[in-house]
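Examination of the molecular architecture
One-letter residues, chain by chain:
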4 protein chains.
Amino acid sequence: MTEEETRRLLVDQLRRYYERGWISGTGGGICGPADGGALLVAPTGVHKELVGPDELFTIDPVTETILAAPARADLRPSECGPIFAHIARERGARSIAHTHALSAVLFGDLADGGDHVTVERLEMLKGIRGFANTERHDVPVIRNTPREIELVANVARALADPRFARAYAVVVEDHGVYVWGADVWEAKRHVETYHYLFEATVARHDRRRKG
Amino acid sequence: MTEEETRRLLVDQLRRYYERGWISGTGGGICGPADGGALLVAPTGVHKELVGPDELFTIDPVTETILAAPARADLRPSECGPIFAHIARERGARSIAHTHALSAVLFGDLADGGDHVTVERLEMLKGIRGFANTERHDVPVIRNTPREIELVANVARALADPRFARAYAVVVEDHGVYVWGADVWEAKRHVETYHYLFEATVARHDRRRKG
Amino acid sequence: MTEEETRRLLVDQLRRYYERGWISGTGGGICGPADGGALLVAPTGVHKELVGPDELFTIDPVTETILAAPARADLRPSECGPIFAHIARERGARSIAHTHALSAVLFGDLADGGDHVTVERLEMLKGIRGFANTERHDVPVIRNTPREIELVANVARALADPRFARAYAVVVEDHGVYVWGADVWEAKRHVETYHYLFEATVARHDRRRKG
Amino acid sequence: MTEEETRRLLVDQLRRYYERGWISGTGGGICGPADGGALLVAPTGVHKELVGPDELFTIDPVTETILAAPARADLRPSECGPIFAHIARERGARSIAHTHALSAVLFGDLADGGDHVTVERLEMLKGIRGFANTERHDVPVIRNTPREIELVANVARALADPRFARAYAVVVEDHGVYVWGADVWEAKRHVETYHYLFEATVARHDRRRKG
């Protein structure tokens, strides 16, 4: 896959997330692999469904510095940059998405102040790398912070927790979710799968409480 | 941004609102900046998703008179005109949208006859200009009136209330919402953000009552 | 509006109803005005979102006979024909739609065996010809029958009931809804408006019972 | 209908299922008739909405061997193959779809460990071949297994049960549903109809429990 194809796929994903209501109002973000090991990152503060393939920043996941900027001088790189870079370093992720999906927020509410919510009894668990449908998957839920950059510490703590070693997502209470994969396709599969797991778990929880 | 680009963006927004179910059955409306300080306003009584860029009226936000009308002689300017003009004058808004989204109606129901509903604990609050995600946002809810033009007084009272000085939306009970911004892009971001906040607040309220 | 434009608009409406989930699995139907006072009716038993403008039947609303059939010999006219013709004769409707929207079925459930459900306190009531948003609108709900053709008697009884003289829709329990208008555009507005009223009324009813 | 048309229709259906959220994250599958009595089957482990008409496998429904593979060497045939082949042999189905729709999972939950859920009082029952809207339809619900191939025995038991002789769908608990028809068009109608029946039955069940 060439970098040009990656760029087109990334902005296409942003459009699809927008159409599903997972990102809106300039929220959300995405990154994917640039040639040479760097990360392509969407700009911040813009309507994400309108980002073009030439409007991505190239950042170094180790130094977190900008290696290349788009021609449009009014763009700034995503506030998610430091979190994306941290996940890339710690988990070898090459593509990461960040959404504000309401299903992720309602799923986070189920933690009720705790540090995870358990997903179980769903075939779609097999959509997460390494999981069988017979397993229970504890998805980490962290506290939100005033600024996205301050979230790094909370994300880092979840990633360092051995209970979450097999997770490819961190849910942020009142906020949304970060989801990643080894490449753009795995990230896409994980994004779709985790959002399904959130919806299913919330829907089943609602029914159980009514019973 | 030229007036021609503004016209295309406004009718594109109407189409998107329609596709999301926020306007339907000829309801809803939108306005944006014309060249020279006037407002471009969609026509009334037509299917809003089919309005063309050349079918907008140009109105003076101070005198509320029509400065220019579209060639199609059967069109009349939106009944929202006086409300749009009032918001433009009082808040410096250059673009305003009016939807009948069910989420806005259900959000208004939460006021239970009161004059506001509080939004809190949501990252998406940052989508409203000037708000931090740690703040509580009291969104004004006003009573509906038989005709849209009679709503002006209720909208005016909410805008004059210092408790709502930072709000960019007025919810109308049993009816929908008016949302605005300093330009077309901020109005778009505010529209998407407020509708998300409505959905999230209603969904969480439902869950709390069941608990 | 030429008959050719009407044909294109009718099949476009079928596609939109399908995309919204209001018709599916070959269900649903639509009719509109042919030149000379007859009705254009969609075929039965086909996937409605795939019907072409040349695949409509022309029927006489008085005699209910087929005046013209599409070239495709395998098509049969909609089972809704007699109901459409009856509504056209009794109400002067020139365009009628029939959907199986789940919201219409759930709205019908609220009648709880009675003959109507009341819609009130919704601005969108103004989307129905002649209604103010301050009025209460009793929407008739009739019993379903094994075959669509047997529904005519139940529809006729509702149309003859003076309490429903101002209604532009008849809900069929466990089944869906018939909605009409004086022309294709009014029928479109009424279809969108009634489905909104159904969704809103069901959503509010759910909340009230939980309170 | 030529095999080429069937191929295009099958991948078009996958795209539509994806857009409705019935398949996602590489899940789901579909098959249809190849020339000469064999089955065209979608590949496994790929994003189903992106499958091209030339990327289907041709399998023998009796021997379950691959008769023809697509040019792309990295593709493997669907894990659903043996289940598709079994349904094709036992029921004469020529087209079968497998979705992970949340509505199917929530419908399966209503079985509460039992072997079926009853659908009744819905006009859309007429969308299933041979059913009247006055009938009750017991839809079989089977237990899920760690691997799709191990499901064959559970599917086979449901198909062999005379109580389910008229069913065109088997719901798999925690997983989704298999739906079939005598040809691609009937399968499409059955897929849309069963998903509607699932949504309606779940929505009504929720309301009944609240009452």
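Keep in mind that what you see is a predicted model, and the values were worked out from it rather than measured. (Residues numbered from 1 in each chain as written. Chains lettered and ligands numbered in written order. Predicted model: local features only at pLDDT ≥ 70, side-chain atom pairs only at ≥ 80, totals over all residues. Heavy atoms only, no water.)

1. Brief notes about the pairing of strand 1 (residues 29-33) of chain C
Residues and elements named next belong to chain C. Using the following cut-off: Per-residue accessibility, obtained with a 1.4 Å probe over protein chains only, is compared with the maximum for each type, and a residue is labelled buried under 20%, exposed over 50%, and partly exposed between these values. The helix count covers DSSP runs of H or I at least four residues long, the strand count covers runs of E at least two residues long, and both are numbered beginning at the N terminus. Two strands pair if DSSP finds at least two bridges between them.
Burial within strand 1 is extensive, with five of its five residues counted as buried. As judged from the three bridges shared by strand 1 and strand 5 (residues 95-99), these two strands associate in the antiparallel manner. Residue pairing in the sheet places Gly29 in a bridge with His98 of strand 5. Taken together, the three bridges between strand 1 and strand 2 (residues 39-41) define a ladder with antiparallel strand orientation. For Pro33, the partnering residue across the bridge sits in strand 2 and is Leu39. As consecutive antiparallel partners, strand 1 and strand 2 are separated by five residues, and within that stretch Gly36 has a phi angle of approximately 85°, a positive value.

2. Quick word on the relation of the copies chain D and chain C
Formally: Here the copies are superposed with least squares, the fitted atoms being C-alpha atoms of residues at a pLDDT of at least 70 in both. By definition in these notes, contact holds between two residues if any of their heavy atoms fall within 4.5 Å.
The transform that puts chain D on chain C rotates by 90° and translates by 0.0 Å along the axis, for an RMSD of 0.0 Å. These values place the two chain copies in the arrangement generated by a four-fold rotation axis. Comparing interface residues between copies, only 5% of those in chain D also sit at the interface in chain C, which points to a heterologous contact through distinct surfaces.

3. Examining the arrangement of the chains
Chain C makes no contact with chain A, the minimum C-alpha separation between the two being 10 Å. You won't find any contact between chain B and chain D; their C-alpha atoms come no closer than 10 Å.

4. Topic: the interface of chain D and chain C
Short version of the rule: A 1.4 Å probe defines the accessible area here, and the buried area is the portion of it lost by two parts on being joined, summed over both. We count a salt bridge whenever a side-chain nitrogen from Lys or Arg sits within 4 Å of a carboxyl oxygen from Asp or Glu. In this count, Pro and Cys sit with the nonpolar residues alongside Ala, Val, Leu, Ile, Met, Phe, Trp and Tyr, while Asp, Glu, Lys and Arg are called charged and the others, Gly among them, polar.
In this assembly, 22 residues from chain D lie in contact with 24 residues from chain C. Each partner contributes to the roughly 2100 Å² buried at the junction of chain D and chain C, and carbon and sulfur atoms together form 49% of this total. Our count for the contact surface shared by chain D and chain C stands at five salt bridges. One salt bridge connects Asp206 of chain C with Arg207 of chain D, and the closest N-O pair in it is separated by 2.6 Å. For the side of chain D that touches chain C, the element with the most residues is helix 5 (residues 184-210) of chain D, which contributes twelve residues. Here the side of chain D that touches chain C is built from residues that sort into six nonpolar, four polar and twelve charged.

5. Let's talk about the relation of the copies chain A and chain D
With an RMSD of 0.0 Å, chain A superimposes on chain D once it is rotated by 90° and translated 0.0 Å along the axis. Comparing interface residues between copies, only 5% of those in chain A also sit at the interface in chain D, which points to a heterologous contact through distinct surfaces.

6. Structural notes on the nonpolar core
We count it as follows: Among buried residues, those of type Ala, Val, Leu, Ile, Met, Phe, Trp, Tyr and Cys that are joined through side-chain atoms within 4.5 Å constitute a nonpolar core.
Counting residues in hydrophobic clusters, the biggest one holds 282 residues, and the most contacted among them are Tyr194 of chain A, Tyr194 of chain B, Tyr194 of chain C together with Tyr194 of chain D. Among the elements that make up this core, the one with the highest residue count is helix 5 of chain D (nine residues). Excluding residues that lie within four positions of it along the chain, Tyr194 of chain C makes contacts with Ile128, His137, Val139, Ala167, Tyr168, Ala169 and Val179 of chain C.

7. Some details on the layout of surface pockets
To keep it simple, the criterion reads: Only protein atoms enter the 1 Å grid, on which a cavity is a set of points fitting a 1.4 Å probe that cannot get out and a pocket is an open set with protein on both sides within 12 Å along at least 5 of 7 lines, lining residues being those with an atom within 4 Å of a point. Grid points are joined across faces, edges and corners, and a volume is the space filled by probe spheres set on the points.
In this structure, the second largest pocket encloses a volume near 620 Å³. Lining of the second largest pocket is provided by 27 residues; of these, Thr44, Gly45, Glu79 and Glu148 of chain C together with Lys126 of chain D occupy positions nearest its centre.

8. Overview of the pattern of salt bridges
Residues and elements named next belong to chain B. Summed over all chains, the structure comprises 85 salt bridges over all chains. Arg143 is the partner of Glu173 in a salt bridge, and the nearest nitrogen-oxygen pair spans 2.8 Å. On the criterion of sequence distance, the pair formed by Glu173 in the loop between strand 8 (169-172) and strand 9 (176-181) and Arg143 in the loop between strand 7 (137-142) and helix 4 (151-160) is long-range, its members being 30 residues apart. Using a relative accessible area of 13% as the deciding quantity, one classes Glu173 as buried.

9. Focus on the interface of chain A and chain D
Quick note on the threshold: Identification of polar contacts relies on pairs of N or O atoms within 3.5 Å, with a donor-acceptor requirement for protein atoms, meaning one able to donate a hydrogen and the other able to accept it, and with residues adjacent in sequence counted only if both atoms are side-chain atoms.
Listed as interface residues are 22 residues of chain A and, on the opposing side, 25 residues of chain D. Approximately 2100 Å² of surface area, both sides summed, lies buried where chain A meets chain D, with 49% of it carried by carbon and sulfur atoms. Taken together, the links from chain A to chain D amount to five salt bridges. Joining chain A to chain D, the criterion identifies 16 residue pairs in polar contact (both at pLDDT 80 or more). If you tally residues by element for the side of chain A that touches chain D, the top one is helix 5 (residues 184-210) of chain A, at twelve residues. Its residues assigned to classes, the side of chain A that touches chain D comprises six nonpolar, four polar and twelve charged.

From the geometry alone we can't say anything about function, so treat these as descriptive.
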